[in-house]
Amino acid sequence: MKETQYARSSKAFRDGSINRRSFLRTSTVAAGGLLLSLYLDFPPSAHTEAQTPPPKVYPPDAFVHVRPDGKILITVNRLEFGQGVQTSLPMILADEMDADWSQVVSELAPAADVYRDPVFGIQMVGGSGSIAHSFTQYRELGAKTRAMLVATAADRWKVSLDQCRTENSVVYGPNGKSARYAELARDAARKPVPEKVSLKSPSEFRLIGKKVPRLDSAAKCDGSQKFGLDLDLPGMKIAVVAHPPVFGARVKGIDDKEARGIAGVRDVFEIPLMKGSGVAVVADRFWTAKQARDLLKIDWDLSGVELADTSQLWTKYKALARTPGNVAVARGDDKAIDRIPVARRVVAEYEFPYLAHTPMEPLNATVRFEGNKAEAWVPSQFQTMDQMAIAEVLGLKPEEVTFHTEYAGGGFGRRAVIDSHVPREAAVIAKRLKGTPVKLVWTREDDVRGGYYRPMHAHRVEIGIGADGMPAAWRHVIVGQSLVAGTPFAAMMIKNGVDESTVEGTSDTNYNLTNFHVSAHNPTVNVPVLWWRSVGNTHTAFVMETLIDELATRAKMDPIAYRRKLLKPEAKKLRAALDLMDQQSAWRNNLPKGHAAGIACHECFGTAVACAVEVSIENKRPKIHRVTVAVDCGIAVNPLTIESQFHGGLGFGITQLMAGGAITFKDGRVEQRNFDGYTPPYIVDAPVTVDVHIVPSAEAPTGCGEPPVPVISPAVVNALAKLTGKRYRSLPLKNI
Amino acid sequence: MATYELNVNGLSKKVEVDPSTPLLWVLREELKMTGTKYGCGISACGACTVHLAGEATRSCVVPISLVGNRRVTTIEGMAQDPVGRAVQHAWIEKDVVQCGYCQSGQIMSAVALLKETPKPTDANIEESMGGSLCRCATYVRIREAIKRAAEQMT
Ligand code: FES
Ligand code: FES
């Protein structure tokens, strides 16, 4: 059907406020603004219309496709991995377009310039930016499409535009005239794309703000939804890689006699990794490849490789935390704390371990190399980077790699890797097997032991308390690896030697802290690290919210009242969330014996969250009976999705509290292996009920993927503190 | 290599594989039934749950040689099962799924639970669903959907 696709484009959007030059410096692809593109099917007769100039064929890099049967296919410019953009972005477009929602289907866009994030300038999901960055983009796309359809109808009927109105995929004109979008689509595609369109006022929204069920539910309930790992191509081979036991070690020798003896094993060979090397095993089937890998005898060269060791790292980190690091914030008098009497000082040291993301679908990438071009299928949060990396390995230009975005079984940051190491591995193997599609599968063990963790951190905080019980001086040192040092992202994220992602959530606190000093050390360790859903806020919010709670207790004040008193006047969203949570959690005043309520609030990615949890202790573990959470995220595009992001984000945050919620190292080796040693929360660990309350707002929407994560663990330990009288400053939560 | 005859969702299937091959990989790679998922391979996540002679079973740790003539039921067979359909409907009604990757296993466990215990309590749910990991943490709605399906079935 390619020749029947017709496209028009116009420069429609400018990128937002974030400096995207630093992203683009690394890109070999021309920047270019976003294009608005429409492609619509011609009826079959159009093929014969010789007088029409051949339509400009566009690759499928467009957003709306009105089919002759009335179905409206909306293309989503980012990965769907649970967050629901596959439904919410089409809702936004369909609302402005006045499309019949029951006819809307959506698809994930392949890698292409037109699908870059309008703010970040690369095609990606991250930073809770899906709705925040594409809200206006998708509204304008919908409004422009509608305008072109209306113009077409008005032309046909020889009436003015303002005599037409639209509803449910139909244009209505005067005297009972009407035309379905599907009938108008072909001619509409030839209309000029309007430069400017007016958008609906919120009161005119028909979909935005409604609880719209997901479009992908049925396929995900009957097993028919295909994920990256489910891909099956003719002639496809499966590859697994034996990674070194220590990051960066190299293969010295391989005895693959036994492995090659298994029927169905096609090849065994050494491959380069980001650091060091590994051994790839290619077979007809996964089980064969895995069995063969188990039989490999590999001699590893560990010379010159640093052996990370968690207990030694703690010693080093804690010592570092006692010295000032690179300065992130220096407000007021740095020495003020020394003048406050010791009795009114709090000194607190915190420990946070390495954490793996362990998305439910193990990592994978499929690549077929054809010599002068290639095709890739990747569940990717970072299409632009992954496509470039595959191209680089294969000696191709990025546009010579057709890159399909596959549905992903979760990600949480793990599929947004700056060095694209998984797609690179797949490309290296596919290069050798030219012409054959190769699916690289990381087993769960590869994933748990494979690095790219949330870095471990130590915090040391000294607080001087004023006579009024409020903090009068705050000195805070954070130690942890940088997420971006040495990468193309460094120029944007490292300021004055401080990786912003190390200190975010503390340095930009909404509390009015005077004599506030924040500094950071970013040591280098031989462990690859990565953003983990909500990034630095995973640990900074825990420190801030547990300390504020402790100060409130010391001051014998209600924890909500204390926070209200300390919040900056301009922290409007956080105040609104706190107030709403307070109103909705009257249950806090009427708790069964042995239960306690804990509070936390935090703002990140522009979204403010306040939560109250009801906790008791069962089997020596926290039992979370209930969570009441309030959020201010601007306009709530799909409250049903926001609610599920809260269920999910709170649940994900609980990973930090699990007794087995830590990756540790001994002699350079990861001590955990799979979900038996690294244990994320199961149903018993998750809250029994969660009620989500949304602050009514007409402000631009902000994201909800990450903001729920940081609040849950401090809220739970604040409740535990009431039950046990202890303060919890080391995670994971081993003993209560 | 050996040949096995399986009964999957009421149909008989013949496969030729190594006897150690787990049922999971036979379903996924030989029979191309990818609704059953790989999550851990060690019986720790429940993504691979199928029914073996009606019982919820982790297919990642069952070698094909031990399946014998027991009926294998997978997520693809749930549309033909009244309890399966009720659970699927409840799942859709409650908008349970997020990434969806764990949900075949969740649904298979929930169906097994409801067949044994048509009116499950929270404790029954926690016990039966206790080993089914959902990294997206859809647990709150899973709980609601199981109760909803139980209601619908009466
Ligand atoms: S894959 Fe079988 S239990 Fe995890
Ligand atoms: S829905 Fe994503 S793992 Fe359960």
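Conventions and cut-offs
Residues numbered from 1 in each chain as written. Chains lettered and ligands numbered in written order. Predicted model: local features only at pLDDT ≥ 70, side-chain atom pairs only at ≥ 80, totals over all residues. Heavy atoms only, no water. Helix = DSSP H or I, 4+ residues; strand = E, 2+ residues; numbered from the N terminus. Rg over C-alpha atoms; globule rule 2.2 N^0.38 Å. Buried < 20%, exposed > 50% of the residue type's maximum accessible area, 1.4 Å probe, protein only. Contact = heavy atoms within 4.5 Å. Areas by Shrake-Rupley, 256 points an atom, 1.4 Å probe, with all protein chains shown as cover. Lys, Arg positive; Asp, Glu negative; His and termini not counted. Charge placed at Lys NZ, Arg CZ, Asp CG, Glu CD. Pairing = 2+ DSSP bridges. Phe/Tyr/Trp six-rings, centres within 6.5 Å; stacked < 30°, edge-to-face > 60°. Disulfide = S-S within 2.5 Å. Buried area = accessible area lost by both parts, 1.4 Å probe. Salt bridge = Lys/Arg side-chain N within 4 Å of Asp/Glu carboxyl O. Polar contact = N/O pair within 3.5 Å; in protein donor to acceptor, adjacent residues only side chain to side chain. Nonpolar A, V, L, I, M, F, W, Y, C, P; charged D, E, K, R; others polar. pLDDT = per-residue confidence, 0-100. Domains from an automatic or database assignment. Axes fitted to C-alpha atoms, helices over the stretch in contact; angles between N-to-C directions.

### A closer look at the overall build of chain B
Part 1 of the argument: Looking only at helices and strands, chain B features five helices and five strands.
Part 2 of the argument: Seen in sequence order, chain B has helices and strands lined up from the N terminus as β-β-α-β-β-β-α-α-α-α.
Part 3 of the argument: Its C-alpha atoms give chain B a radius of gyration of 15 Å, within 12% of the compact-globule value 15 Å for 154 residues.
Part 4 of the argument: With respect to the three principal axes, the spread of C-alpha positions in chain B is 45 × 30 × 25 Å.
Part 5 of the argument: By the burial criterion, 61% of the 154 residues in chain B qualify as buried.
Part 6 of the argument: Counting only contacts in chain B whose residues sit at least 6 apart along the sequence, the fraction spanning at least 24 positions is 55%.
Part 7 of the argument: Surface accessibility of chain B: about 5600 Å² in total, with carbon and sulfur atoms responsible for 48%.
Part 8 of the argument: Computed over 17 positive and 16 negative side-chain charges, the inter-centroid distance for chain B is 3 Å.

### So, the overall build of chain A
Part 1 of the argument: Regarding its fold elements, chain A presents 18 helices and 30 strands.
Part 2 of the argument: Over its C-alpha trace chain A gives a radius of gyration of 27 Å, about what one expects of a compact globule, namely 27 Å for 736 residues.
Part 3 of the argument: For the C-alpha atoms alone, the extent of chain A along its principal axes is close to 90 × 70 × 45 Å.
Part 4 of the argument: By the burial criterion, 65% of the 736 residues in chain A qualify as buried.
Part 5 of the argument: The long-range fraction of contacts in chain A, counting pairs at least 24 apart against all pairs at least 6 apart in sequence, stands at 78%.
Part 6 of the argument: Total accessible area on chain A is roughly 26400 Å²; 51% of this is exposed by carbon and sulfur atoms.
Part 7 of the argument: Charge separation in chain A, taken as the distance between the mean sites of 90 positive and 80 negative side-chain charges, equals 2 Å.

### As for the pairing of strand β25 (residues 596-604) of chain A
Residue and element names in this part refer to chain A.
Part 1 of the argument: For β25, the buried fraction is high: eight of the nine residues fall into the buried class.
Part 2 of the argument: Note that β25 and strand β26 (residues 607-618) share nine bridges and pair antiparallel. Across the sheet, the residue bridging to I599 is A612, located in β26.
Part 3 of the argument: Hairpin geometry of β25 and β26 is characterised by an intervening segment of two residues between the two adjacent antiparallel strands and by a positive phi of about 55° at F605.

### Concerning the packing of aromatic side chains
All names here are of chain A.
Part 1 of the argument: Throughout the structure, instances matching the rule amount to 19 aromatic pairs over all chains.
Part 2 of the argument: Centre to centre, the rings of Y354 and F665 are 5.5 Å apart; their planes meet at 75°, and the pair counts as edge-to-face. With Y354 in the loop between β15 (345-352) and β16 (364-369) and F665 in strand β28 (residues 665-666), this pair connects stretches of sequence that are 311 residues apart.
Part 3 of the argument: The class for F665 is buried, based on a relative accessible area of 2%.

### Brief notes about the environment of P19(B)
All names here are of chain B.
Part 1 of the argument: Looking at the secondary structure, you find P19 in the loop between β2 (11-17) and α1 (23-30).
Part 2 of the argument: Note on P19: relative accessible area 31%, which makes it partly exposed.
Part 3 of the argument: Through-space distance from the C-alpha of P19 to that of I64 is 5.9 Å; in sequence the pair is 45 residues apart.
Part 4 of the argument: Those residues in contact with P19 that sit more than four places away from it in its chain are M1, A2, Y4, P63, I64 and S65.

### What to know about the state of the cysteines
All names here are of chain A.
Part 1 of the argument: One pass over the full model with this rule turns up zero disulfides over all chains.
Part 2 of the argument: Left unpaired, C633 is separated from the closest cysteine sulfur, that of C704, by 3.8 Å.
Part 3 of the argument: On the accessibility criterion, C633 (1% relative accessible area) is buried.

### Overview of the interface of chain A and chain B
Part 1 of the argument: With 64 residues of chain A at the contact, the number on the chain B side is 49 residues.
Part 2 of the argument: Approximately 4600 Å² of surface area, both sides summed, lies buried where chain A meets chain B, with 59% of it carried by carbon and sulfur atoms.
Part 3 of the argument: When the buried area of chain A at its contact with chain B is split by residue, C221(A), M360(A) and I683(A) rank highest and sum to 19% of it.
Part 4 of the argument: There are six salt bridges connecting chain A and chain B.
Part 5 of the argument: The tally of links between chain A and chain B comes to 26 residue pairs in polar contact (both at pLDDT 80 or more).
Part 6 of the argument: Mapped by element, the contributors of at least two residues to the side of chain A that touches chain B are α5 (217-221), α7 (286-295), α11 (444-449), α17 (639-653) and β30 (689-694) of chain A.
Part 7 of the argument: The dominant element in the side of chain A that touches chain B, judged by the number of residues it contributes, is α17(A), at eight residues.
Part 8 of the argument: For the side of chain A that touches chain B, a count of residues per class yields 31 nonpolar, 18 polar and 15 charged.

### Quick notes on the confidence of the model for chain B
Part 1 of the argument: Scored by pLDDT, chain B has a mean of 97; 100% of the residues are at 70 or more.
Part 2 of the argument: As a predicted assembly, this complex carries a pTM of 0.93 together with an ipTM value of 0.98.

### A word on the pairing of strand β4 (residues 72-76) of chain A
All names here are of chain A.
Part 1 of the argument: Along β4, five of the five residues are buried, which leaves the element largely enclosed by surrounding structure.
Part 2 of the argument: Of the two faces of β4, both are covered, the one formed by I72, I74 and V76 as well as the one formed by L73 and T75.
Part 3 of the argument: Bridge count between strand β3 (residues 64-66) and β4: three bridges; the pairing is antiparallel. Among the inter-strand pairings, H65 is bridged to a residue of β4, identified as L73.
Part 4 of the argument: Relative to strand β5 (residues 104-108), β4 runs parallel, the two being bridged by five bridges. Across the sheet, the residue bridging to T75 is E107, located in β5.

### Thoughts on the pattern of salt bridges
All names here are of chain A.
Part 1 of the argument: In total, this model carries 62 salt bridges over all chains according to the counting rule given.
Part 2 of the argument: The closest approach of N and O atoms between D284 and K237, which form a salt bridge, is 2.8 Å. On the criterion of sequence distance, the pair formed by D284 in the loop between β12 (277-283) and α7 and K237 in strand β9 (residues 237-242) is long-range, its members being 47 residues apart.
Part 3 of the argument: Residue classification places K237 among the buried residues on the basis of a relative accessible area of 19%.
Part 4 of the argument: Here the salt bridges share partners, and the residues they tie into one network are R322, D334, K335, D338, E349, R460, E462 and R475.

### Thoughts on the domain arrangement of chain B
A common way to state how big an interface is: give the accessible area lost once the parts meet.
All names here are of chain B.
Part 1 of the argument: Taken as a whole, chain B is organised into domain 1 (2-76) and domain 2 (78-153).
Part 2 of the argument: Taken together, the contact pairs 17 residues of domain 1 with 14 residues of domain 2.
Part 3 of the argument: The interface formed by domain 1 and domain 2 holds zero salt bridges in total.
Part 4 of the argument: The interface formed by domain 1 and domain 2 includes six residue pairs in polar contact (both at pLDDT 80 or more).
Part 5 of the argument: Contributing elements (two or more residues each) for the side of domain 1 that touches domain 2: β3 (49-52) and β4 (55-58).

### Some remarks on the sheet that holds β4(B)
Note on sheets: strands pair through backbone hydrogen bonds, and any given pair is parallel or antiparallel.
Residue and element names in this part refer to chain B.
Part 1 of the argument: The five strands are arranged β2-β1-β5-β3-β4 in an open sheet whose pairing can be described as mixed. Sheet topology places β2 and β4 at the edges, where each strand pairs with a single neighbour. Between one strand axis and the next, the sheet turns through 40° on average, direction left out of account.
Part 2 of the argument: Of the strand pairs in this sheet, strand β1 (residues 2-8) and β2 are connected by seven bridges, and their pairing is antiparallel. If you follow A2 over to β2, its bridge partner there is V17.
Part 3 of the argument: Against the sheet, α1 engages β1, β2, β3 and β5 (71-73), with an angle of about 100° to β2.
Part 4 of the argument: Most of the contacts of helix α3 (residues 103-116) go to β3, to which it runs at about 35°, and overall it touches β3, β4 and β5.

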